[in-house]
Amino acid sequence: MNASIEKLIFLARKEKGVREGPINNTGQRIEEFQSATWMTPGAWPWCAAFTAWLMREWLHEESVRDALEIDSLNAAEKWRCRDASAFGWEKWAAQKNIQLLPESEVAKAGDFVVYDFSHIGLVIKDQSSQANSIMTIEGNTNGKGERDSTGGDGVWEKARAPSLTKSYIRLFA
């Protein structure tokens, strides 16, 4: 696996177990994730904020910026996705000429997966075939796999059916 992808997955794994506060879509850590988007932190769904935060933190690594041919932290901040919506990540990828792959592709570790139900996560393991589940780390979900529930969502490692996917955003070929 690419060393940059390993760093991204490591960052995501460290966040597993983070939970919302007593009010849906809130909490100190959730607000930190939300601050990585264009929106002001508040009680709004934060799955894309989690991926935006991952990307922002990951791009602090000079070796990652070098691998992506981004010459500075300032340039990385202008380049990265800051959209607070899952489907907005597809628009960002298209604008930046980043590989936006259809749901029929096999997922690779490091892909950002956009789901049909307006949700996004990070693929953490190569999918061996389209028949296999997609292994991810996602924010704003729960143990049942729901999105934006009222039961105190958090950052979870998930196994999702590939039939739920809409697209994959692949930063490295």
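Scoring rules and cut-offs
Residues numbered from 1 in each chain as written. Predicted model: local features only at pLDDT ≥ 70, side-chain atom pairs only at ≥ 80, totals over all residues. Heavy atoms only, no water. Buried < 20%, exposed > 50% of the residue type's maximum accessible area, 1.4 Å probe, protein only. Helix = DSSP H or I, 4+ residues; strand = E, 2+ residues; numbered from the N terminus. Salt bridge = Lys/Arg side-chain N within 4 Å of Asp/Glu carboxyl O. Pairing = 2+ DSSP bridges. Axes fitted to C-alpha atoms, helices over the stretch in contact; angles between N-to-C directions. Contact = heavy atoms within 4.5 Å. Phe/Tyr/Trp six-rings, centres within 6.5 Å; stacked < 30°, edge-to-face > 60°. Lys NZ or Arg CZ within 6 Å of the ring centre and 35° of its normal.

**Student:** Is there a simple way to think about helix 6 (residues 86–95) in this case?
**Tutor:** Note that an α-helix has 3.6 residues per turn; residues three or four places apart therefore point the same way. Every buried residue belonging to helix 6 is among Ala-86, Gly-88, Trp-89, Glu-90, Trp-92 and Ala-93, and all of these are buried. Positive phi shows up at Asn-97, right after helix 6, with a value of about 55°.

**Student:** Mind showing me how you'd approach the pattern of salt bridges here?
**Tutor:** When the charged atoms of two side chains lie near each other, side chains of opposite charge can form a pair. Summed over the entire model, instances satisfying the criterion amount to 11 salt bridges. Between Glu-15 and Arg-29 there is a salt bridge whose closest N-O contact spans 2.9 Å. A residue pair is termed long-range when its members are at least 10 positions apart, and Glu-15 in helix 1 (residues 3–15) and Arg-29 in helix 2 (residues 28–34) qualify at 14 residues. Judged by its relative accessible area of 8%, Glu-15 falls in the buried class. The partly exposed category is assigned to Arg-29, whose relative accessible area is 24%. We note a salt bridge from Glu-157 to Lys-16, for which the minimum N-O separation is 2.8 Å. With Glu-157 in strand 5 (residues 154–160) and Lys-16 in the loop between helix 1 and helix 2, this pair connects stretches of sequence that are 141 residues apart. It is possible to trace a salt-bridge network through shared partners that takes in Arg-13, Lys-16 and Glu-157.

**Student:** Would you mind going over the sheet that holds strand 1 (residues 99–102) with me for this structure?
**Tutor:** The strands making up a sheet are joined through hydrogen bonds of the backbone, oriented either antiparallel or parallel. Taken in spatial order, the 6 strands line up as 1-6-2-3-4-5 in an open sheet, and their pairing is antiparallel. Because the sheet does not close on itself, it has two edges, and the strands there are strand 1 and strand 5. Within the sheet, the average angular offset between the axes of one strand and its neighbour, ignoring direction, is 30°. Two elements, strand 2 (residues 112–115) and strand 6 (residues 165–170), share 4 bridges in a ladder whose sense is antiparallel. Bridging across to strand 6, Tyr-115 finds its partner in Thr-165. Relative to strand 3 (residues 119–123), helix 1 is tilted by about 120°, and along the sheet it contacts strand 2, strand 3, strand 4 (134–141) and strand 5.

**Student:** For this particular structure, what's the right way to read the packing of aromatic side chains?
**Tutor:** Given two aromatic rings, one states the distance between the centres and the angle between the planes to describe the pair. Evaluation of the coordinates by the stated rule reveals 8 aromatic pairs. On the basis of an interplanar angle of 75° and a centroid distance of 5.1 Å, the ring pair of Phe-33 and Phe-50 is categorised as edge-to-face. Taken as a pair, Phe-33 in helix 2 and Phe-50 in helix 3 (residues 47–58) lie far apart in primary sequence, 17 residues in all. What makes Phe-50 buried here is its relative accessible area of 0%. Members of the aromatic cluster, joined through ring pairs, are Phe-33, Trp-46, Phe-50 and Trp-53. Just above the ring of Trp-38 sits the side chain of Arg-82; from NZ or CZ to the centre is 3.9 Å. The ring of Tyr-115 has Arg-160 sitting right over it, with the charged end atom 5.4 Å from the ring centre.

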